[in-house]
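Breakdown of the fold
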Amino acid sequence: MTSEILTVGLIGGGRMGQEYARFYQELPETELVAIAEIHPERRKVVGARFGVEALFAEATDLFAAVVPDIVSIVLPGKYIRAAVLAAVAAGVRGISVDKPIGAVLADVDEMVAACAAAGIVFAGGNMQRAMTEVQQAARRLRAGEFGPIIGACVHRYGGEISGGGCQHVAVLRLLTGAEITEVVAAGAPEEALRSNCDEGLNISGQFRLSNGLVCPVFAAETPYSGVDVWTADALVRWDWGPPQIFRGVDASGARRAIDAGYEPAEYPEFSYLGTTIQSFVQVARRGVDCEGELFVSARDQLLSLEVAVAAKHSALWGSLPVALPLTDRSLCLYPRAYRWLGGDQSGVPQTLEEAAGTNT
Ligand SMILES: NC(=O)c1ccc[n+]([C@@H]2O[C@H](COP(=O)([O-])OP(=O)(O)OC[C@H]3O[C@@H](n4cnc5c(N)ncnc54)[C@H](O)[C@@H]3O)[C@@H](O)[C@H]2O)c1
C-alpha cells in the first residue's frame, strides 16, 4: 500500500505550477502524468521541461482524456473554482489548490461541499503552516511542553490580508489549536477599505479565540511581522520561517532564545512546498477519513479568507464585533490582480526561457 505510486495531474503550468511539477518529479511516490496550461507556447515548453506528453489547454480537456489519482490546481484565483468542480466530476481521489482559495465565501463553500459529498480529499496550498519547523513547534506547544498557552498576537496583518495575510491566520490557528470566533477591526487606508480588493489594506484590532484568549492584531511591523504565541515561561515566535523559541529570561531580564532542535525536512530544498505536497500525497493515499491530518486543508484556506472578510467588514462597519462563521456567504474579498488573474493578465507574464528553466 505504501509503495503505491499516485498519478498526478497539474492544472496551471505557470511559475508556481512549475515548482509543484519539480517536486512531484522528485517524490518517488508520485508520477506527473498530465498538465493543463492554457498558454500554448508555455504549455509546450513546460511539457518538454518535465517530460510530460499529455498536454491540454484546460482542466476539462485533461479530465476528458485522463483521470489522475490526484490533481494540483495552481491557477490564478478566478479560475480555481471551475477546475475544482471539474476534478470532482472526473472522480479524482485528491485535489489541492494554492492560495488564496477564492474571493466569495459561497464559492469556496461550494468547492468544499462538493469534495466532501464526493469523498475527495481537499487540500490547501503552499503555506508556511506546512513548514516542518512550524508543525513541530505547534505539536510541542499543543502537547503542553511549554505549559498552558496564555497569550497570542498577530503582527503586520496588512498589505494583502486575504493574499499574503492568509498565512497569519493559518499559523495562529495551528499554534494555538483554537478557532477565531469573533473579529473586531479598524482598517486603513479608506480607499482600500471601500474597495472589494485587499491590496494595500492594513487591519488592526483583535481576534477572540475559542480557548478564551483575545489576540491583539497589529497592522504594522512591531518590528515583527508574524505570529507570537506564549505561555508563562516561553514564547514561540513565527516571523516567516522556522519559529524561534524563547524560554525563561537572561540575567538582564530579557527573554532567552533557545535552540529549538527541530528535525530537518526530508527535502529541504523545497521547504514548505515540499511538506505541503508530502502531506497531501500521504492523506490522499489514505482517504478522506484522514483529512484532518493535512498540514494545510482547503478548510484552513476558507477560514483564512473568512477572517479576512470579517476583519474588512468589521472595520467598514465602524469596528463592529463580527462573529464567525459569517452568516452572509455572499461577502467577498478579492486578492490583488496578480493572484486573481495571473501574470499574463496583470502585466508580468513569465517568459518562455523562465518557463523552460533555462534562464539561470
Ligand atoms: N503559496 C505561495 O507562496 C504562492 C506564491 C506565488 C503564487 N501563488 C498562487 O499560485 C497561483 C498561481 O500563481 P503563479 O505565480 O503560478 O501565476 P502565473 O501567472 O505565473 O501562472 C498561472 C498559469 O495559469 C495558466 N492559466 C490561467 N488560466 C488557466 C486555465 N483556465 N486553465 C489552465 N491554465 C490556466 C496561465 O497561462 C499561467 O501559465 C495563484 O493563485 C497565486 O496566488 C502562491
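Note that the coordinates shown come from a computational prediction; the quantities given were computed from them, not determined experimentally. (Residues numbered from 1 in each chain as written. Predicted model: local features only at pLDDT ≥ 70, side-chain atom pairs only at ≥ 80, totals over all residues. Heavy atoms only, no water.)

Along its sequence, the chain is carved into domain 1 (6–127 + 268–295) and domain 2 (129–264 + 303–323). Distance between the C-alpha centres of domain 1 and domain 2: 28 Å. Counting residues at the interface gives 13 residues for domain 1, matched by 14 residues for domain 2. Both faces considered, domain 1 and domain 2 share a buried interface measuring about 1100 Å² in area, 68% of it formed by carbon and sulfur atoms. When the buried surface of domain 1 facing domain 2 is broken down by residue, Leu-105, Met-127 and Phe-295 rank first, second and third, together holding 53% of it. Taken together, the connections running from domain 1 to domain 2 amount to zero salt bridges. Counting the contacts that link domain 1 with domain 2 gives four residue pairs in polar contact (both at pLDDT 80 or more). Mapped onto the side of domain 1 that touches domain 2, the elements with two or more residues apiece are helix 5 (105–118) and helix 9 (271–286). Here the element with the most residues in the side of domain 1 that touches domain 2 is helix 9; it accounts for four residues. Residues that form the side of domain 1 that touches domain 2 fall into these classes: seven nonpolar, five polar and one charged. (Domains from an automatic or database assignment. Contact = heavy atoms within 4.5 Å. Buried area = accessible area lost by both parts, 1.4 Å probe. Salt bridge = Lys/Arg side-chain N within 4 Å of Asp/Glu carboxyl O. Polar contact = N/O pair within 3.5 Å; in protein donor to acceptor, adjacent residues only side chain to side chain. Helix = DSSP H or I, 4+ residues; strand = E, 2+ residues; numbered from the N terminus. Nonpolar A, V, L, I, M, F, W, Y, C, P; charged D, E, K, R; others polar.)

Looking now at the packing of aromatic side chains. Summed over all chains, the structure comprises five aromatic pairs. Relative to Tyr-267, the ring of Phe-23 has its centre 5.2 Å away and its plane inclined at 85°; by these criteria the two rings are edge-to-face. Taken as a pair, Phe-23 in helix 1 (residues 15–26) and Tyr-267 in the loop between strand 15 (255–258) and helix 9 lie far apart in primary sequence, 244 residues in all. With centroids separated by 5.8 Å and ring planes inclined at 85°, the aromatic side chains of Tyr-157 and Phe-207 adopt a geometry described as edge-to-face. You can see Tyr-157 sitting in the loop between strand 7 (151–154) and strand 8 (158–159) and its partner Phe-207 sitting in strand 10 (residues 201–209), a full 50 residues away along the chain. There is no split in this pair, since Tyr-157 and Phe-207 are both buried. Here the aromatic residues Phe-23, Tyr-267 and Phe-270 are joined through ring pairs into a cluster of three or more. (Phe/Tyr/Trp six-rings, centres within 6.5 Å; stacked < 30°, edge-to-face > 60°. Buried < 20%, exposed > 50% of the residue type's maximum accessible area, 1.4 Å probe, protein only.)

The next subject is the nonpolar core. Judged by nonpolar contacts, the single largest core of 77 residues is most densely connected at Val-84, Ile-95, Tyr-157 and Phe-207. For this core, the leading source of residues is helix 10 (residues 298–316), giving nine residues. Three or more residues apiece are contributed to this core by two domains, here domain 1 (6–127 + 268–295) and domain 2 (129–264 + 303–323). Among all residues touching Phe-207, those that are not within four sequence positions of it are Val-154, Tyr-157, Leu-172, Ile-180, Glu-182, Val-183, Leu-213, Val-214, Cys-215, Val-217 and Val-307. (Core = buried A, V, L, I, M, F, W, Y, C linked by side-chain atoms within 4.5 Å.)

Now for the pattern of salt bridges. Throughout the structure, instances matching the rule amount to 23 salt bridges. Between Glu-4 and Arg-93 there is a salt bridge whose closest N-O contact spans 2.9 Å. Here Glu-4, found in the segment before strand 1 (6–11), pairs with Arg-93, found in the loop between helix 4 (80–90) and strand 5 (94–97); they are 89 residues apart in sequence, far enough to count as distant. Here Arg-93 falls in the partly exposed class, since its relative accessible area comes to 30%. Two residues, Glu-110 and Arg-81, come together in a salt bridge whose shortest N-O distance is 2.6 Å. One end of the pair, Glu-110, is in helix 5; the other, Arg-81, is in helix 4, and 29 residues separate them in sequence. Judged by relative accessible area, Glu-110 falls into the partly exposed class, the value being 32%. Owing to a relative accessible area of 32%, Arg-81 belongs among the partly exposed residues under this scheme. Via salt bridges that share partners, Glu-4, Asp-69, Arg-93 and Arg-285 belong to a single interconnected network.

This paragraph deals with the site of the ligand. Within the structure, the ligand sits among 23 residues, and Met-16, Glu-37, Arg-42, Tyr-338 and Gly-343 are positioned closest to it. Arg-42 places a side-chain nitrogen or oxygen 2.6 Å from an oxygen atom of the ligand. In the environment of the ligand, a nitrogen atom lies 2.8 Å from a nitrogen or oxygen atom belonging to the backbone of Asn-126. Surface burial for the ligand is 90%, taken as the share of its 850 Å² of free accessible area covered by protein chains. Contributing elements (two or more residues each) for the shell around the ligand: helix 1 and helix 11 (337–341). Of the residues that constitute the shell around the ligand, the class distribution is ten nonpolar, five polar and eight charged. (Near = heavy atom within 4 Å. Areas by Shrake-Rupley, 256 points an atom, 1.4 Å probe, with all protein chains shown as cover.)

Another aspect to go through is the sheet that holds strand 4 (residues 70–73). One open sheet holds the six strands; their spatial order is 3-2-1-4-5-6, and the pairing between them is parallel. Strands with a single pairing partner mark the edges of an open sheet, and in this sheet they are strand 3 (54–56) and strand 6 (121–123). Put simply, the sheet's adjacent strands are angled 20° from each other on average, direction ignored. In terms of strand pairing, strand 4 meets strand 5 through four bridges, oriented parallel. (Pairing = 2+ DSSP bridges. Axes fitted to C-alpha atoms, helices over the stretch in contact; angles between N-to-C directions.)

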